[in-house]
Amino acid sequence: MNQTTPTENRKLASQTINYWKIVLIFLSRWYWVAGTVLISFVLAWLYIRSITPIYITSASLKLDDDQQQQISSLPGSPVNYNPFNQNKIQTEGIIMRSEDVILNALKNLDYKISYFLEGRIRETELYPKQPFQIDILTQDSVNFSRATYFVKPVDRTIFELSSSDDNKKSVTKYRYGQAINAGNMVFAIKTEIPADAKYSFKFNGIRDLYGRAAGGLNVFEQEKNTNIMGVSHTDSNPVFSANILNEIIKQYVKNDATLKKRSAKQTIDYLDSQIDFLDAQVHKAGNKLSSFQSDNKIIDPNTDKQLGSSKLSNLQNQVAELQLQELGIQQLENQVKNNKDRIQLNLNLEGTNNTLLTGLITQLNGLIINRENKLQNFNADAQPVQDINRQINEVKQAIATNIRLLHERNQKTISYLRGQIGQASNALSSIPAKQNDFAKLQSNFDINQRMFSMLFERKLSAQISAAAVVSGATIISVAQPSFFPISPVPRKIYSSYLFMGLFTGLGLILLVRILNPYLYDIETIEGLTATPIIGIILKYPKKVQPGESVLSIERPKSIFAESVRSVRTNLSFMASDQDTKVICITSEVSGEGKSFVSLNLAGTLSIIDKKVILIAADLRKSKLHHAFGSDNRIGLSNYLSRQADLSDIIFKDERHNIDYITSGPVPPNPSELLHHKSMTTLITTLRESYEYIIIDTAPVGLVSDSIPLIRKADINLFIIRSGVSKFRAATIPDRLSKEYGLSNIAIILNSFGDEKLHANIYTTNYAHSNSGTYYYSNYTGYGKSGYYNDEKNWWEFWKKKE
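In this report, we go over the structure that sits alongside the text.

**Side note on the overall build of the chain**
Here is step 1 of the chain: Regarding its fold elements, the chain presents 23 helices and 23 strands.
Here is step 2 of the chain: With 802 residues in all, the chain has 45% of them scored as buried.
Here is step 3 of the chain: Considering only contacts in the chain between residues 6 or more positions apart, those separated by 24 or more positions represent 78%.

See below:
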């Protein structure tokens, strides 16, 4: 087979994706994935052990919708109409989170002392359990120590006490029942401290737990389009969460009833003031009527006069009722203008309130409560508070507009009725003066009396309603402690960390491959260069000892020696017309195994009785003489500088039957010496005595010393070392071929170890490649076939030696 195809006519090998190789890449580092998964499980276990679990409890309430009751009582309203305000639950949630409700709820809990169980990783609150009793003798209401106190029993009468204020540095002994003065308070531990665990405690003010109680509270709509309000609370202690949630909903219901009773009382007080005024007016009108009858001796007016005065009286009664409504409208208007608190509708007079006005007042109350909550965290000039104030002013303007419209409607109605009163009065003008005056006095008395009776009935109704006031919310279900944490959930944590570890391991494999700058296998090289590959030299599994560099002879039955022999076989097809072959071996940089390949290639040729000479032509940094134990005092540099004859620099290694020429002392002008005609003369002379002249040259990627030798050689071998040579090294043979018109360059992959992690995912399709190929094997899987006598690995101790 002739491999002298010009480089210009060669093309890169045709390659296709091999999916099995992709699988093998990940399987080659299965222990990375297993390690990351194991680490993830350990981290998940530590996370679950270290984080405090969070529990959730829930309750539900039913809200009474007054607006819905009013609308459903209107004539013609649809039966299935459900105008429940969705914002009401949010408004009631703001009320439930208010400071008064939360603080009143905390007052019903045993909040003053918190006990803790000290663990190795975290501490656990023992509420409601009290492992020992502490009595607070005196305590400042606000300014007292919030430090954590650590206790340890010494015996049945004495215990040790330390504090977090000084990081538990000072430990003091006390007797049970002894008064302890610390942080503006005096307390005593009454009962014996259990010795089975480590305990600590701290003192709380009611506001210390406010954030804990309010922060975990959540209000939501239990079912869509219903008036069922769900309430939940999250905390690290399920019993505390259930207790505080039950107290909060109780205080919320109680607070709602209190507000309603306050509204009823304001209505009764207003009616009392109007009743006192009308009582005086009735008394005054009655006295005038009685005096008029006595003075004029009028016993009973005529029937016609009575009918006319009755009509006049009815008209005047309607005017009086409208005037009473005006008083309610004015009272509501004053509340909106001057009051900054929540507004309660004190009157339920027909015609004064409509659905829109009620909804606006509910919205205003919600905004006022929201502003009160914002003022707990912001100043009055803060932007959030200013935004709420702007919304309050807009709602107040809408309410004022509705009130103005009601006022205008009442005024128009009063004007109309007064016109009717004028017509009725003209009709009575024909009645004699005394009877006419009597009718007017009688009508005035009847109006005042009816107004008095009406207000008195209203007062009685308001008193009955006040006595029967109930909250607008009803507790449906109370909170029960749930001992199943919502966070962390071990199953979810372990599964998420499992996937995290799995993807981390796979990602690590991909990252190592992406960041890899080195060549490892044949397919990668074939995808980068059109230069043919003459063979693969396997990586020797053991460390090469000094004097054992010619492993092709030292280990002739090893798979390594077979890989070198495969290169020797393919060499016979190159420059086949030459009786003597000059082989130049180079690489990109040092450390890629030029000298090692040269030695072993020379060894395999010597075994088949070929006359071989090995020349160390790297005059700058040669290592070839170490393999033969030479002192390198005389060599090629002496010959090229005419300081020695050819016979003086040729040495023979009897052990391996190889002649060699060392590099000699490092000259000041190595490049010039190699370009000298003496080098050509040397090669010409050696051709007469040897069949193979192997020249170990300097790296072409570092210096240009080897260029004249490459141009004179019959065969040029470019060494690429697996895991050492970088990707750019594979392009150098093509560049040399193009620049110097060479067609005798081939590549040897040295130290191949079948590293699957960095293997190319493509497989070369040699049937569709016109680059010219040599037969060789990577010997994968043959090491255990029995054909080779390699040393066993330590884990294969159970195998019998062949």
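**Topic: the pattern of salt bridges**
Here is step 1 of the chain: Enumeration according to the criterion identifies 16 salt bridges in this entry.
Here is step 2 of the chain: For Arg-390, the salt bridge goes to Glu-394, with nearest N and O atoms at 3.4 Å. Residue Arg-390 and its partner Glu-394 are both found in helix α10 (residues 383-427); the two are separated by four residues, about one turn of the helix.
Here is step 3 of the chain: For Arg-390, a relative accessible area of 43% puts it in the partly exposed group.
Here is step 4 of the chain: Among the residues examined, Glu-394 registers a relative accessible area of 45% and is labelled partly exposed.
Here is step 5 of the chain: The shortest N-O distance in the salt bridge between Glu-562 and Arg-565 comes to 2.9 Å. Here Glu-562 pairs with Arg-565, and both are found in helix α15 (residues 559-571), just three residues apart, close to one helical turn.
Here is step 6 of the chain: Judged by relative accessible area, Glu-562 falls into the partly exposed class, the value being 24%.
Here is step 7 of the chain: Three or more residues joined by partner-sharing salt bridges are found here, namely Glu-125, Arg-212 and Asp-235.

**Regarding the environment of Asn-638**
Here is step 1 of the chain: Tracing the chain through its elements places Asn-638 in helix α18 (residues 636-640).
Here is step 2 of the chain: The spacing of Asn-638 and Val-666 is 28 residues in sequence and 9.5 Å in space, taken between C-alpha atoms.
Here is step 3 of the chain: Residue contacts for Asn-638: discarding those within four places in its chain leaves Arg-633, Gln-643, Ala-644, Gly-664 and Pro-665.

**A look at unusual backbone geometry**
Here is step 1 of the chain: With an omega of 5°, the peptide bond between Tyr-127 and Pro-128 qualifies as cis.
Here is step 2 of the chain: Topologically, Pro-128 is positioned in the loop between β4 (123-125) and β5 (134-139).
Here is step 3 of the chain: Omega for the bond connecting Ser-487 with Pro-488 falls within 30 degrees of zero, at -5°, which places this linkage in the cis form.
Here is step 4 of the chain: Take Pro-488: it is sitting in the loop between β14 (473-477) and α12 (490-515).
Here is step 5 of the chain: Even without being glycine, Lys-168 reaches a positive phi, approximately 60°.

**A closer look at a nonpolar patch on the surface**
Here is step 1 of the chain: Together, Leu-38, Ile-39, Val-42, Leu-43, Trp-45, Leu-46 and Met-500 make up an exposed nonpolar region whose accessible area comes to about 650 Å².
Here is step 2 of the chain: The greatest single-element share of the nonpolar patch, amounting to six residues, is contributed by helix α2 (residues 30-50).
Here is step 3 of the chain: With respect to the helices, strands and loops of the structure, Leu-38 is situated in helix α2.
Here is step 4 of the chain: For Leu-38, a relative accessible area of 55% translates into the label exposed.

**Overview of the sheet that holds strand β17 (residues 612-616)**
Here is step 1 of the chain: Strands sit in the order β15-β22-β21-β16-β20-β17-β19-β18 across an open sheet of eight strands; the sheet is mixed. Each edge of the sheet is formed by a strand with only one pairing partner; in this case those strands are β15 (533-538) and β18 (651-653). If you compare each strand with its neighbour and ignore which way they point, the axes differ by 25° on average.
Here is step 2 of the chain: Where strand β21 (residues 715-721) lies against strand β22 (residues 745-752), six bridges are found, and the strand directions are parallel. When the sheet's bridge partners are listed, Arg-721 is paired in β22 with Asn-750.
Here is step 3 of the chain: Its contacts with the sheet put helix α21 (residues 677-687) on β16 (581-587), β17, β19 (658-661) and β20 (692-696), and the angle it makes with β20 is roughly 150°.
Here is step 4 of the chain: Strands β21 and β22 of the sheet are contacted by helix α23 (residues 732-740), whose axis makes an angle of about 165° with β22.

Conventions and cut-offs
Residues numbered from 1 in each chain as written. Predicted model: local features only at pLDDT ≥ 70, side-chain atom pairs only at ≥ 80, totals over all residues. Heavy atoms only, no water. Helix = DSSP H or I, 4+ residues; strand = E, 2+ residues; numbered from the N terminus. Buried < 20%, exposed > 50% of the residue type's maximum accessible area, 1.4 Å probe, protein only. Contact = heavy atoms within 4.5 Å. Salt bridge = Lys/Arg side-chain N within 4 Å of Asp/Glu carboxyl O. Patch = residues over 30% accessible without salt bridge, like charges linked within 9 Å, V, L, I, M, F, W, Y side chains within 5 Å. Areas by Shrake-Rupley, 256 points an atom, 1.4 Å probe, with all protein chains shown as cover. Pairing = 2+ DSSP bridges. Axes fitted to C-alpha atoms, helices over the stretch in contact; angles between N-to-C directions.

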